[in-house]
Amino acid sequence: MCRHLGWLGRPRSIAELMLEPPYGLLVQSYAPRRQKYGLLNADGWGVGFFDDDGVARRWRSATPLWGDASFASIAPVLRSGCVVAAVRSATVGMPIEPSASAPFTDGHWLLSHNGRVDRAVLDTAAARAESTVDSALLAATIFERGLDRLGETLRDVAAADPDARLNILAGNGTRLLATTWGDTLSVLAGDDGVVLASEPYDDDPRWRDVPDRHLVEVTGAGVEMMALEGTA
Ligand code: GLN
């Protein structure tokens, strides 16, 4: 995915998070402000959230977010306290299909990948991946090794493919985890929750940029940021 967004906090509507902000994912689908790779994100979109019973629910598409009037109609009544959403700019050669749009899931976590990685270094995950897109292989690899080893897994993948870009965003209902490895990420800690986003969705002065090669963890207790060791 080329631009993603996560929310952990009081239940908010999906429209409030994705569609209404002045520079939110809807606008980022045709006019991102900070995207380093690709001009627009028209190859699909997806949103996943945890319902009141903690069940992961997803809605994904292979068409541009700006053209989906049905989603725009329903999004105001979908509410959750833990959301992972993305708009996609497909890497050259990758399939364009709903199952290639983030978020991917193992039933416990929802996960988005902004970047690219050589699929050859992830081939052992192919049987479990939702799609043949590089991001689905990476998601399956991360799920198998466990999210608590996210930093270690990314370092191993980057060692095997030094050109990999590995910005991950994942949520499980009570935690968000995100990494920066080659692309942008910003965090907004507000009064009623925390937003992690590839780029700020408005001009609130509280947005902070996350430095490259860092891991961010958001829980009810707040935001923690740490460097991914062994890197420049
Ligand atoms: N490589 C992924 C894809 O093809 C993500 C692309 C991106 O971040 N722009 O979907």
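Residues numbered from 1 in each chain as written. Predicted model: local features only at pLDDT ≥ 70, side-chain atom pairs only at ≥ 80, totals over all residues. Heavy atoms only, no water.

Peer 1: Before we move on, could you go through the overall build of the protein and cite the residues and values that matter?
Peer 2: Within the protein, the regular secondary structure consists of 5 helices and 13 strands. The C-alpha atoms of the protein give a radius of gyration of 16 Å, which matches the 17 Å a tight globule of 232 residues would have. Dimensions of the protein, computed from the C-alpha atoms along their principal axes, are close to 40 × 35 × 35 Å. Counting contacts in the protein only where the partners sit at least 6 residues apart, residues at least 24 apart contribute 66% of the total. When the accessible surface of the protein is split by element, carbon and sulfur atoms take 51% of a total near 9600 Å². Side-chain charges in the protein split into 22 positive and 31 negative, and the spacing between the mean points of these groups amounts to 2 Å. (Helix = DSSP H or I, 4+ residues; strand = E, 2+ residues; numbered from the N terminus. Rg over C-alpha atoms; globule rule 2.2 N^0.38 Å. Contact = heavy atoms within 4.5 Å. Areas by Shrake-Rupley, 256 points an atom, 1.4 Å probe, with all protein chains shown as cover. Lys, Arg positive; Asp, Glu negative; His and termini not counted. Charge placed at Lys NZ, Arg CZ, Asp CG, Glu CD.)

Peer 1: Hey, could you go over the pairing of strand E4 (residues 79–87) for me, with residue numbers and the actual values?
Peer 2: For E4, a buried count of 8 out of 9 residues is recorded, marking the element as mostly surrounded by other parts of the structure. Inspection of the sheet shows strand E1 (residues 3–13) paired to E4 by 8 bridges, in the antiparallel sense. In the strand pairing of E4, histidine 4 is matched with alanine 86. With 5 bridges connecting them, strand E2 (residues 45–50) and E4 associate as antiparallel partners. What sits directly across from phenylalanine 49, in E4, is valine 83. (Buried < 20%, exposed > 50% of the residue type's maximum accessible area, 1.4 Å probe, protein only. Pairing = 2+ DSSP bridges.)

Peer 1: Report on the nonpolar core, specifying residues and quantitative values.
Peer 2: Counting residues in hydrophobic clusters, the biggest one holds 32 residues, and the most contacted among them are Leu111, Leu138, Ile142, Leu147, Leu150 and Leu166. If you tally residues by element for this core, the top one is helix H4 (residues 134–145), at 7 residues. Non-local contacts of leucine 166, meaning those with residues more than four positions away in its chain, are made with His113, Asn114, Val117, Leu138, Leu154, Val157, Ala158, Thr179 and Trp181. If you look at the next biggest cluster of nonpolar residues, it comprises 23 residues, including Ala15, Met18, Trp45 and Val47. (Core = buried A, V, L, I, M, F, W, Y, C linked by side-chain atoms within 4.5 Å.)

Peer 1: For the pattern of salt bridges, give the residues involved together with the corresponding values.
Peer 2: A complete count under the given rule lists 19 salt bridges for this structure. Aspartate 209 is paired through a salt bridge with arginine 34; the nearest N and O atoms lie 2.9 Å apart. Of this pair, aspartate 209 sits in strand E11 (residues 208–209) while arginine 34 sits in the loop between helix H2 (25–28) and E2, and the two are 175 residues apart along the sequence. Assessed through its relative accessible area of 51%, aspartate 209 is described here as exposed. What makes arginine 34 partly exposed here is its relative accessible area of 35%. (Salt bridge = Lys/Arg side-chain N within 4 Å of Asp/Glu carboxyl O.)

Peer 1: For a nonpolar patch on the surface, give the residues involved together with the corresponding values.
Peer 2: On the surface, Tyr30, Leu39, Leu40 and Trp66 cluster together into a nonpolar patch covering about 460 Å² of accessible area. Residue placement: leucine 40 occurs in the loop between H2 and E2. A relative accessible area of 38% means that leucine 40 is categorised as partly exposed. (Patch = residues over 30% accessible without salt bridge, like charges linked within 9 Å, V, L, I, M, F, W, Y side chains within 5 Å.)

Peer 1: Account for the layout of surface pockets, with residues named and values stated.
Peer 2: What the largest pocket holds in volume is close to 180 Å³. If you go around the largest pocket, you meet 18 residues; those closest to its centre are Cys2, Ser89, Ala90, Thr91 and Gly115. For the lining of the largest pocket, the element with the highest residue contribution is strand E6 (residues 110–116), accounting for 3 residues. Looking at the lining of the largest pocket, its residues break down into 8 nonpolar, 6 polar and 4 charged. (1 Å grid on protein atoms, 1.4 Å probe; cavity = no way out; pocket = protein on both sides within 12 Å on 5 of 7 lines; lining within 4 Å. Points joined across faces, edges and corners; volume = space filled by probe spheres on them. Nonpolar A, V, L, I, M, F, W, Y, C, P; charged D, E, K, R; others polar.)

Peer 1: Break down the pairing of strand E13 (residues 222–227) for me, citing the residues and quoting the values.
Peer 2: Pairing geometry for strand E12 (residues 214–219) and E13, over 6 bridges, is antiparallel. Considered in E13, the bridge of leucine 215 is made with methionine 226. The antiparallel pairing of E12 with E13 creates a hairpin that spans 2 residues between the two strands.

Peer 1: Now, about the packing of aromatic side chains: what can you tell me, with residues and values included?
Peer 2: All told, the structure shown has 5 aromatic pairs when counted by the stated rule. Residues tyrosine 30 and tryptophan 66 carry aromatic rings whose centres are separated by 6.1 Å and whose planes lie at 80° to one another, so their mutual orientation is edge-to-face. Here tryptophan 66 lies in the loop between strand E3 (56–61) and helix H3 (69–74) and tyrosine 30 lies in the loop between H2 and E2, a separation of 36 residues in the sequence. Taking the relative accessible area as the measure of exposure, tryptophan 66 reaches 42% and is therefore partly exposed. An angle of 85° between the planes, with centres 5.0 Å apart, marks the rings of tryptophan 59 and phenylalanine 71 as edge-to-face. Here phenylalanine 71 lies in helix H3 and tryptophan 59 lies in strand E3, a separation of 12 residues in the sequence. (Phe/Tyr/Trp six-rings, centres within 6.5 Å; stacked < 30°, edge-to-face > 60°.)

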